[in-house]
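Listed here are the chains, written in short residue letters.
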Amino acid sequence: MTHFPKGAIALLSISGALMVGATAATLAAHPGVQAHAYTLSAPIAGIRNNHWYDYRSDLEEAEIELRKDLRRAKTAQDRREAYAEYDNELYDARKDYSKEMRERGYLRRGNVDVLD
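Bear in mind that the values here come from a model prediction, so they are computed numbers and not experimental data. Per-chain numbering applies: the sequence of each chain, read as written, is numbered from 1 onward. Owing to the predicted nature of the model, reporting of local features is limited to residues with pLDDT of at least 70; listing and counting of side-chain atom pairs is limited to 80 or more, with chain, interface and lining totals taken over all residues. Just so you know, side-chain values use all the structure's heavy atoms and leave hydrogens and water out.

1. A word on the overall build of the protein chain
Item 1. The numbering of helices and of strands both runs from the N terminus, where a helix is a DSSP run of H or I of at least 4 residues and a strand a run of E of at least 2. When you go through the protein chain residue by residue, the secondary structure sums to three helices and zero strands.
Item 2. Each helix and strand of the protein chain, ordered N terminal to C terminal, gives the series α-α-α.
Item 3. Any two residues having at least one pair of non-hydrogen atoms within 4.5 Å are treated as being in contact. At a minimum sequence separation of 6, the contacts of the protein chain that also span at least 24 residues come to 65%.
Item 4. Put simply, the protein chain shows about 9100 Å² of open surface, and 55% of that area lies on carbon and sulfur atoms. Note on areas: Shrake-Rupley, 1.4 Å probe, and residue coverage restricted to the protein chains presented here.

Here it is as structure tokens:
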């Protein structure tokens, strides 16, 4: 069993609590890709092609850029602008991916009629 001086135990307890608090704040700062309305969790028509992987890569790049922007943010306005930019990047990525899949015939526009 390791013996620590009385002050060291108190210091370890405080630093541990600070680390947990900092981690919780970081996790709560962003809900993550899975919670965003613009993200797709599965490829269109179940087709995993280069366009799907490009889309996923775009999402990862947007996440990385958001984290960087949030670290640099000094004000609430900076954070709002970072999230707005992130939202735009996610929307554009989905739009581009959908366009590519539509051009290849995997996704079609049209009307859906629901009959009783």
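2. Topic: the environment of Pro43
Item 1. Relative to the helices and strands, Pro43 resides in the loop between α1 (6–29) and α2 (50–72).
Item 2. Classification of Pro43 by relative accessible area gives buried; the value is 11%.
Item 3. Spatially, the C-alpha atoms of Pro43 and Ser98 are 9.8 Å apart, while their sequence positions differ by 55 residues.
Item 4. Among all residues touching Pro43, those that are not within four sequence positions of it are Arg48, Trp52 and Tyr97. With a 1.4 Å probe rolled over the protein chains alone, any residue whose accessible area is under 20% of its type maximum counts as buried; one over 50% counts as exposed, and the rest are partly exposed.

3. Digging into unusual backbone geometry
Item 1. The residue Ala45 is not glycine, and still its phi comes out positive at about 60 degrees.
Item 2. Of note, Ala45 is situated in the loop between α1 and α2.

4. Considering the packing of α2 against helix α3 (residues 76–103)
When two helices pack together, their arrangement is given by the angle between their axes and by how far apart the axes lie.
Item 1. Axes here refer to lines fitted to C-alpha atoms; in helices the fit is confined to the stretch in contact. Angles between the N-to-C directions go from 0 to 180 degrees. At a minimum axis distance of 9 Å, the contact between α2 and α3 shows a crossing angle of 175 degrees. Between α2 and α3, the angle is such that the two are roughly antiparallel. From α2, His51, Trp52, Tyr55, Asp58, Leu59, Ala62, Glu63, Glu65, Leu66, Asp69 and Leu70 reach across to α3, where they touch Arg79, Ala82, Tyr83, Glu85, Tyr86, Glu89, Leu90, Ala93, Arg94, Tyr97, Glu100 and Met101.
Item 2. Classifying every residue of the contact of α2 with α3 gives 13 nonpolar, one polar and nine charged. In this scheme, roughly parallel covers angles under 35 degrees and roughly antiparallel covers those over 145, while 65 to 115 is roughly perpendicular and the rest are oblique. Residue polarity is assigned by list, with Asp, Glu, Lys and Arg as charged and Ala, Val, Leu, Ile, Met, Phe, Trp, Tyr, Cys and Pro as nonpolar; anything else, Gly included, falls into the polar class.

5. Regarding α3
Item 1. Counted at 1.5 Å a residue, the expected span for α3 with its 28 residues is 40 Å, and the 41 Å between its end C-alpha atoms agrees.
Item 2. Buried within α3 we find Ala82, Tyr86, Leu90, Ala93, Tyr97, Ser98 and Met101.
Item 3. Against α2 lie the buried residues of α3.
Item 4. Of the residues flanking the end of α3, it is Gly105, one or two places downstream, whose phi is positive at about 85 degrees. The length a helix should cover is 1.5 Å for every residue beyond the first.

6. Description of the packing of aromatic side chains
Item 1. Any two rings among Phe, Tyr and Trp, with Trp reduced to its six-membered ring, count as a pair given centres within 6.5 Å; such a pair is stacked if its planes are under 30 degrees apart, edge-to-face if over 60, and tilted if neither. Per the stated rule, a full pass over the model turns up three aromatic pairs.
Item 2. Taking 5.7 Å as the distance between ring centres and 40 degrees as the angle between the ring planes, the aromatic pair formed by Trp52 and Tyr55 counts as tilted. Within this pair, Trp52 and its partner Tyr55 are both found in helix α2, separated by three residues, close to a single helical turn. This pair shows no difference in class: Trp52 is buried, exactly as Tyr55 is.

7. Points about a negative patch on the surface
Item 1. Within this analysis, patches are made of residues with over 30% relative accessible area and no salt bridge. Like charges are joined at 9 Å or less; nonpolar side chains (Val, Leu, Ile, Met, Phe, Trp, Tyr) at 5 Å or less. A pair is scored as a salt bridge if a Lys or Arg side-chain nitrogen falls within 4 Å of a carboxyl oxygen belonging to Asp or Glu. For the purpose of charge, His is not counted, nor are the chain termini; Lys and Arg are scored as positive and Asp and Glu as negative. Note on charges: their place is set at NZ of Lys, CZ of Arg, CG of Asp or CD of Glu. A surface patch of negative charge is lined by Asp54, Asp58, Glu61, Asp92 and Asp96.
Item 2. Where the negative patch is concerned, the elements lending two or more residues are α2 and α3.
Item 3. Broken down by element, the negative patch gets its largest block of residues, three residues, from α2.
Item 4. Its location among the elements puts Asp96 in helix α3.

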